[in-house]
Amino acid sequence: STKSMKIQEIATCFHIDKDYALKTLKRAYGNDYQSTNLMSIKEAERVAVEIVRKIQKKTPQLKPRPPIVTVMGHVDHGKTTLLDRLRNTSVAAGEPGGITQHIGAFSVPMASGRTITFLDTPGHAAFSAMRSRGVNVTDIIVLVIAANDGIMPQTLECIEMAQEAKVPIVVAINKCDKHGENSARIKQELLDYSVQLEEFGGEAQCVEISALTGKGMETLEEAILIQSDMMNLKSDPNTLADGVIIETKTAKGLGPVATVLVQRGTLKKGCVLVCGDVWAQVRSMYNERGTLIDEAPPSTPVLAAGWKDLPQIGQECFQVKSRAEAQKVLNLFSELWRRDMEEKEREKISLKQKEERKNVKREERESRGQRVRRITRVIQEERRERAERKRKGSETSQASVIIKSDVAGSLEAVEEILVSNQPTQMKVEIIQTGVGNVIEDDIEVAETFKGVILAYNVSVSKAVSQMAAVKGVTIISHNVIYKLMEQLKDWLQDQLPTVT
Ligand code: GDP
């Protein structure tokens, strides 16, 4: 199969035999690994990472490593404030005068001599990016819940994410400087969402903190370390390094730089790293205080310079022995990548053809029945009104509307509502309707008729909205019909002074 061919190639590239590669994979992915036939480039890369890890050292010498923590929670519950406070702890404990830079993660040294690494990428972006690649660097999630606000939609999302990723939660009830009295209720409510706190016989720890005043911070840090001890987090620092890209940017004087969160081995100056289709020879490394460092052991985030191009956030990178080796791996990947794209393209085309055939059928079906009746009705009404206007002798102003909708049913609904609730400002004339995304043609028609496009539950590509902006065409896009109508009314209102 394609899959075993690819494994063969990867194995060859890493100078190992195919059986060993397969065994490695089975160990990494379990038995159902063989069941799918197609191997994506992502998989291929992961395979390579696994293989590299295994061939580096068959018996890893595991040593304890710091926990990697992600702070999550509903908006405004105090994530930023908490991270700022933790970061300042790290500055205070570190070299004096250091200014913390945002590199996507930072390490906090504890009084006990231990360290906690916090990810502080905005929102859940990096977490999701990693999850979508099946990569998970987070050991522990600190779930921030504001005492005054309680469990909110995003709190639940975070709980779901944590449970799905099987990452343990430490609950931090925040803003306890003011609203501590509500924490009992929150603790009780957490039970409803299968977060069982220790005090109810469960496993999750809960601490009451104030990110603003600093109250409970030490307890929180202790709770994280206790959780970490239970997980027995270990890694081998004496092997070739690998890690995950947390953040990237192009820095003045340094070129493309990337924060690598080291997972195994020790990243050193001069190391050659491969990450997807880019590579680096690490020229210099900095910690979050901008201090040059020579070595980064497991669980350490470092800003590494020396990349030939920006690697992708959330992607795994691994050390190879030389530049030549890097080139070989990249060549292999680009070949796999190209084939992968071709396969996907073929799949997409056949899907599109299927979809088109289905659409044609749907339109045919509809055109026989409702569509004819509806159009007839609209035209009749139009005629009646025109006659009426003629009789009155005064032509009112008109607005042309183009409607695009996701499916035939919703298109009809939008038309019905528009026809039956004619906005009062202006006579609305539907000049064109269609199922599907807003496309260039729609803009052309709208421009010709000086009309507006109503887009219900469909997407508008960047190119199309740019074209609309250039041509001065308004696209009103929403997935709630009444919002669409409201915005149409506003638009009509705006047209009035110039039209009348
Ligand atoms: P985020 O959206 O979760 O990052 O929340 P922020 O950290 O931006 O905090 C939202 C607001 O809550 C800000 O005005 C903070 O000053 C405030 N805040 C954060 N932590 C506390 C706290 O412990 N006590 C009080 N009283 N206010 C807090």
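So, a few notes on the structure that sits alongside this text.

Rules used throughout
- Residues numbered from 1 in each chain as written.
- Predicted model: local features only at pLDDT ≥ 70, side-chain atom pairs only at ≥ 80, totals over all residues.
- Heavy atoms only, no water.
- Buried < 20%, exposed > 50% of the residue type's maximum accessible area, 1.4 Å probe, protein only.
- Helix = DSSP H or I, 4+ residues; strand = E, 2+ residues; numbered from the N terminus.
- Arc of directions from axis to C-beta.
- Core = buried A, V, L, I, M, F, W, Y, C linked by side-chain atoms within 4.5 Å.
- Contact = heavy atoms within 4.5 Å.
- Phe/Tyr/Trp six-rings, centres within 6.5 Å; stacked < 30°, edge-to-face > 60°.
- Lys NZ or Arg CZ within 6 Å of the ring centre and 35° of its normal.
- Pairing = 2+ DSSP bridges.
- Axes fitted to C-alpha atoms, helices over the stretch in contact; angles between N-to-C directions.
- Near = heavy atom within 4 Å.
- Polar contact = N/O pair within 3.5 Å; in protein donor to acceptor, adjacent residues only side chain to side chain.
- Areas by Shrake-Rupley, 256 points an atom, 1.4 Å probe, with all protein chains shown as cover.
- Nonpolar A, V, L, I, M, F, W, Y, C, P; charged D, E, K, R; others polar.

1. Some details on helix H8 (residues 183–190)
Three or more residues of H8 are buried, namely Ser-183, Ile-186, Lys-187 and Leu-190. Seen from one end, H8 has its buried residues packed into an arc of 100°, which puts them on one side.

2. Here we look at the nonpolar core
By size, the foremost hydrophobic cluster in this structure holds 23 residues, and its most contacted members are Leu-82, Phe-118, Val-142, Leu-220 and Ile-224. Where this core is concerned, the elements lending two or more residues are strand E2 (68–73), helix H4 (79–93), strand E3 (105–109), strand E4 (115–119), strand E5 (140–146), strand E6 (169–174) and helix H9 (217–231). A total of five residues in this core trace back to one element, the largest contributor, which is H9. The residues contacting Leu-82, other than those within four sequence positions of it, are Val-71, Val-142, Val-144, Ile-209, Ala-211, Met-217 and Leu-220. Core analysis: the second largest hydrophobic core is formed by 22 residues, Met-161, Val-167, Ile-169 and Ile-186 among them.

3. A closer look at the packing of aromatic side chains
As enumerated under the stated definition, the model contains one aromatic pair in all. Note that Lys-308 overlies the ring of Trp-279, its terminal NZ or CZ placed 4.9 Å from the centroid.

4. Focus on the sheet that holds E6
The sheet built from six strands is open, its strands ordered E3-E4-E2-E5-E6-E7 with mixed pairing. Strands at the two margins of the open sheet, each flanked by one partner only, are E3 and strand E7 (205–208). For this sheet, the mean inter-axis angle between neighbouring strands, taken without regard to orientation, is 25°. Across three bridges, the pairing between E2 and E4 is parallel. When the bridges of E4 are listed, Val-69 appears paired with Phe-118. Where helix H6 (residues 153–165) meets the sheet, it contacts E2, E5 and E6, and its direction lies at approximately 165° from that of E5.

5. Considering unusual backbone geometry
Negative phi characterises most residues that are not glycine, and trans characterises most peptide bonds. Within the chain, Ser-194 stands out as a residue other than glycine whose phi angle is a positive 55°. The phi angle at Asn-457 is positive, at roughly 60°, despite the residue not being glycine.

6. Digging into the site of the ligand
Taken together, the neighbourhood of the ligand is formed by 15 residues, with Asp-76, Lys-79, Thr-80, Thr-81 and Asp-177 sitting nearest. At 2.9 Å, a backbone N or O of Gly-78 approaches an oxygen atom of the ligand. In the environment of the ligand, an oxygen atom lies 2.8 Å from a nitrogen or oxygen atom belonging to the backbone of Lys-79. Burial of the ligand by the protein chains amounts to 74% of its free accessible area of 580 Å². For the shell around the ligand, the elements supplying multiple residues, two or more each, are H4 and helix H7 (176–179). Examining the composition of the shell around the ligand, we find that three residues originate from one element, H4, more than from any other. A breakdown of the residues in the shell around the ligand according to their chemical character gives three nonpolar, seven polar and five charged.

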